[in-house]
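Residues per chain, in single letters:
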Amino acid sequence: MTEPQSDLPDIYYPDETTLKNARIRDWQQVEEEAAADPVAYWEKRARELTWSKPWTRTLDDDDAPFFKWFVGGKTNIVTNAIDRHLDGPHKNKLALLWQSEDGKETRTFSYFSLNRAVTKMANVLKALGVRKGDRVTIYLPRIPEVFFAMLACAKLGAVHSVIFAGFSADALTARIDDSESKVVITADGSWINGSVFPLKDIVDQAVRFSPTVENVLVIKRTGSEVTMDPLRDHWYHDLTALPIARGACETVQVDAEHPLFILYTSGSTGKPKAVLHTHGGYMVGTYATLRDTFDLNDGDRYWCTADAGWITGHSYVVYGPLLNGATSFMYEGGPSYPHPDRWWSLIEHYGITTFYTAPTAIRSLMRFGDAWVNRHDLSSLRLLGTVGEPINPEAWRWFYEIVGQGRCPIMDTWWQTETGMFQIAGVPAMPQKPGSAGRPIFGQVAEIVDEKGDPVPDGTEGFLTLLNPWPAMMRTLYRDDQRYLDTYWNVYAGRYATGDSARRDEDGYYWVIGRTDDIIKVSGHRLGTAEVESAITSHSAVAEAAAIGLPHEIKGNAIHVYAVLNPGHQGSREMTEELRAHVATHLSPIAKPDEIIYVESLPKTRSGKIMRRVLRARALGQDEGDLSTLDG
Ligand code: WTA
């Protein structure tokens, strides 16, 4: 039933209402001004926020690429995300609306009551000995407490490390140990499609031998039976009933460059990368980009469907909206529980105006047909957004026509855990092209280069690089400066290497194609081939394995694993199920391979490196390329 794509427009212009309401109408002019002096542009944006001590140097590039922003300045992201709203007109404004997966519970927080909740959590953490600079691991589902936990850490100047609550005990242990967390904040369980996922049990396994974790704070969510270690574990509601939780708690003023959080993300080797972000620059960057791209205003009810365990949840569920004094909505469950119109019914019920999600979710909901959408009144929507992977034009048009009813511009936002904030994105007044993320944000220059780092002509595919430093850039990989340099800055001199391939068209729009390294985006989630391989080879039947990503209609990419079994084991359907389950429990259910192919050997270079590119080419029936280094 799909119409031939060629008859459809390949550029969509904002309608009159969008243009009339756009905060930035003359985007070309803003783009030009920011290009002429990017540092001045960010300085101007930073002045819109509150600082207890002004900065003396906006960008310090003396030790590049260890850039510093707003040097000498003091603030706290919480000063701007919460405190400054308490003295102003936003005190009684809704900051957060939340609905439970079963739909029976709704919780709402004004900025005033959010502050109360965050202060309480900060007081509790302080009583548990958490101080400025200490690391705290947060392993929570999509419940309001994930906001409180992150903000409470930030308020104290402690460093949070949020782990997606779908990671297994092994993955959790590695991340807790690496960050040397003192405290873990979790829940007795989380709801997933009507069943309980045992978060606390996983934490128990993960911290059993932890040399650093002194306390585990447990939020009661599902009411499931859990084991509580009397010395280590505390019910959150027990502690909040004590006097220690009461009273005000100072928002510790920190240097702009003081660490705010560590977020582990997949890299090309097995060890996840600990991306480090700081208070000042991250605050300015997430505030400004969300404001410009989503054009947030006081009439909005904003919903980003991401989980707080990923960067999108950090920047554009928790911090960005609060920094803008916006009203956010959070929903505990998944898109099609109990029916494929759950999201649409929530948009209708809460009057969501701006809706930000991932292409994979759009593609999966599109499959259920238009009727599920059409039975709801989605007239409140004014703007849509996507993130995480390229969006295919067919899904873009469905999102635009059916969900947005041809009225809402779509902001396709390209960025990464490392960039902290959007790097390529539009603003509502900018025409959009389905499948393109648009243009570099104000103040950024993106260039497509060849293997040597030389820019390629427009229309040619190459490696996407960024030229200008930006406030919310990661500062380093936690305790691994060398890996920071090698992965991002030493690939092409003077440029930030994104790891993505892309091309730019003649209008200056960027078309991101995908990763060029050993990272696979599966349903928008970022996974490393090495992580999947090490999970699967930890099974006693497996001698070695290679994981690759192959195109998948809904998920964007699917994981295919080539496995060599140890003598005495046979590849069978049972074995495949066992190995899939093994990956789920040793890494995460999101990393379960779609296919496991049993082979006698893997193609390797003479030095023993697995040639995944050869496996990929073979699977896709493509030219295998240069095989001169292939062994045998
Ligand atoms: C991919 C997610 C195309 C890209 C915020 C990038 C995208 C990786 C887009 C980072 C987009 C993200 N269009 N591809 N709009 N957004 N990507 O760290 O490959 O989970 O390098 O951050 O996602 O994934 P991460």
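Above this text is the structure in question.
To keep things clear, this report deals only with the structure shown in the data block. (Residues numbered from 1 in each chain as written. Predicted model: local features only at pLDDT ≥ 70, side-chain atom pairs only at ≥ 80, totals over all residues. Heavy atoms only, no water.)

1. Digging into the sheet that holds strand β32 (residues 595-598)
Item 1. Taken in spatial order, the 3 strands of this open sheet run β30-β31-β32, and their pairing is mixed. The sheet terminates laterally at β30 (542-552) and β32, the two strands that pair on one side only. Neighbour-to-neighbour, the strand axes of this sheet turn through a mean angle of 25°, independent of strand direction.
Item 2. As judged from the 4 bridges shared by strand β31 (residues 556-565) and β32, these two strands associate in the parallel manner. Bridging from a neighbouring strand, V561 pairs with I596 of β32. (Pairing = 2+ DSSP bridges. Helix = DSSP H or I, 4+ residues; strand = E, 2+ residues; numbered from the N terminus. Axes fitted to C-alpha atoms, helices over the stretch in contact; angles between N-to-C directions.)

2. Points about the pattern of salt bridges
Pairing is possible between side chains that carry opposite charge, provided their charged atoms lie close to one another.
Item 1. Under the defined criterion, the tally for this structure stands at 41 salt bridges.
Item 2. Across the pair E31 and R439 runs a salt bridge, and its minimum N-O distance is 2.7 Å. Remark: R439 occurs in strand β22 (residues 439-440) and E31 occurs in helix α2 (residues 27-36); sequence separation between them is 408 residues.
Item 3. A relative accessible area of 15% places R439 in the buried class.
Item 4. In this structure, D518 engages R612 in a salt bridge whose closest nitrogen and oxygen atoms are separated by 3.2 Å. Of this pair, D518 sits in the loop between β27 (510-515) and β28 (519-522) while R612 sits in helix α19 (residues 612-620); the two residues are 94 residues apart in sequence, bridging distant segments of the chain. (Salt bridge = Lys/Arg side-chain N within 4 Å of Asp/Glu carboxyl O. Buried < 20%, exposed > 50% of the residue type's maximum accessible area, 1.4 Å probe, protein only.)

3. A few points about the site of the ligand
Item 1. Around the ligand, the structure places 17 residues, and the nearest of them are D412, T413, T417, K521 and R526.
Item 2. At 3.3 Å from a nitrogen atom of the ligand is found a main-chain nitrogen or oxygen belonging to E389.
Item 3. At 2.7 Å, a side-chain N or O of K521 approaches an oxygen atom of the ligand.
Item 4. If the ligand stood free it would expose 520 Å²; the protein chains cover 96% of that surface.
Item 5. Grouping the amino acids of the shell around the ligand by side-chain chemistry returns 6 nonpolar, 5 polar and 6 charged. (Near = heavy atom within 4 Å. Polar contact = N/O pair within 3.5 Å; in protein donor to acceptor, adjacent residues only side chain to side chain. Areas by Shrake-Rupley, 256 points an atom, 1.4 Å probe, with all protein chains shown as cover. Nonpolar A, V, L, I, M, F, W, Y, C, P; charged D, E, K, R; others polar.)

4. Side note on helix α4 (residues 77-86)
Item 1. Taken across its 10 residues, α4 has 8 buried, putting it largely inside the fold.
Item 2. Of all the residues in α4, the buried ones are I77, V78, T79, N80, A81, I82, D83 and H85.

5. Focus: the environment of D178
Item 1. Here D178 lies in helix α7 (residues 169-179).
Item 2. Considering only alpha carbons, one finds D178 and M430, 252 residues apart in sequence, at a separation of 43 Å.
Item 3. Beyond its immediate sequence surroundings of up to four residues, D178 is in contact with Y264, K271, A274, Y478 and R479.
Item 4. A distance of 2.7 Å separates polar atoms of two side chains, one belonging to D178 and the other to Y264. (Contact = heavy atoms within 4.5 Å.)

6. Digging into the nonpolar core
Item 1. With 170 residues, the main nonpolar core has L125, I138, F147, L151, I185 and Y319 as its most contacted residues.
Item 2. Considering every element that reaches this core, the biggest residue donor is helix α6 (residues 144-156), with 10 residues.
Item 3. Apart from the residues within four sequence positions on either side, I185 is in contact with L125, V136, T137, I138, Y139, L140, A149, L217 and I219.
Item 4. Counting 29 residues, the second-largest nonpolar core is a separate cluster that includes I352, V373, V403 and C408. (Core = buried A, V, L, I, M, F, W, Y, C linked by side-chain atoms within 4.5 Å.)

7. Concerning the packing of aromatic side chains
Item 1. Under the criterion given, the structure shown has 39 aromatic pairs.
Item 2. Considering the side-chain rings of Y316 and W415, the 4.9 Å spacing of their centres and the 85° angle between planes classify their relative orientation as edge-to-face. Pair noted here: Y316 is in helix α11 (residues 311-323) and W415 is in the loop between β20 (410-413) and β21 (424-425), with a separation of 99 residues, a long-range link.
Item 3. The class for W415 is buried, based on a relative accessible area of 9%.
Item 4. Following the ring pairs from residue to residue traces out a cluster consisting of W303, F329, W343, W344, Y350, F355, W398 and F399.
Item 5. The side chain of R107 reaches across the aromatic face of W98, ending 5.9 Å from its centre.
Item 6. Positioned above the aromatic ring of W235, the side-chain terminus of K220 is 4.3 Å from the ring centre. (Phe/Tyr/Trp six-rings, centres within 6.5 Å; stacked < 30°, edge-to-face > 60°. Lys NZ or Arg CZ within 6 Å of the ring centre and 35° of its normal.)

8. Side note on the sheet that holds strand β14 (residues 259-265)
Item 1. One open sheet accounts for 8 strands, arranged β12-β11-β8-β6-β7-β14-β15-β25; its pairing is mixed. What marks the edges here is a single partner per strand, and that holds for β12 (233-235) and β25 (476-477).
Item 2. Relative to β25, strand β15 (residues 273-278) is paired through 2 bridges, and the arrangement is antiparallel. Bridge pairing links L276 to T476 in β25.
Item 3. The sheet contacts of helix α10 (residues 279-294) involve β14 and β15, and relative to β15 the element is tilted by about 80°.

9. Overview of the packing of α7 against helix α8 (residues 199-207)
Angle between the axes and distance between the axes are the two parameters that describe a pair of packed helices.
Item 1. Contact geometry for α7 and α8: axes closest at 8 Å, N-to-C directions at 55°. It follows that α7 is oblique to α8 by the angle criterion. In terms of crossing hand, the pair formed by α7 and α8 is right-handed. Contacts between α7 and α8 involve A169, L172, T173 and I176 from the first element and I202, V203, Q205, A206 and V207 from the second.
Item 2. Within the contact of α7 with α8, the residues separate by chemical class into 7 nonpolar, 2 polar and no charged. (Parallel < 35°, antiparallel > 145°, perpendicular 65-115°, else oblique. Left-handed = near helix turned anticlockwise from the far one by under 90°.)

Any link to function would need more than the numbers given here.
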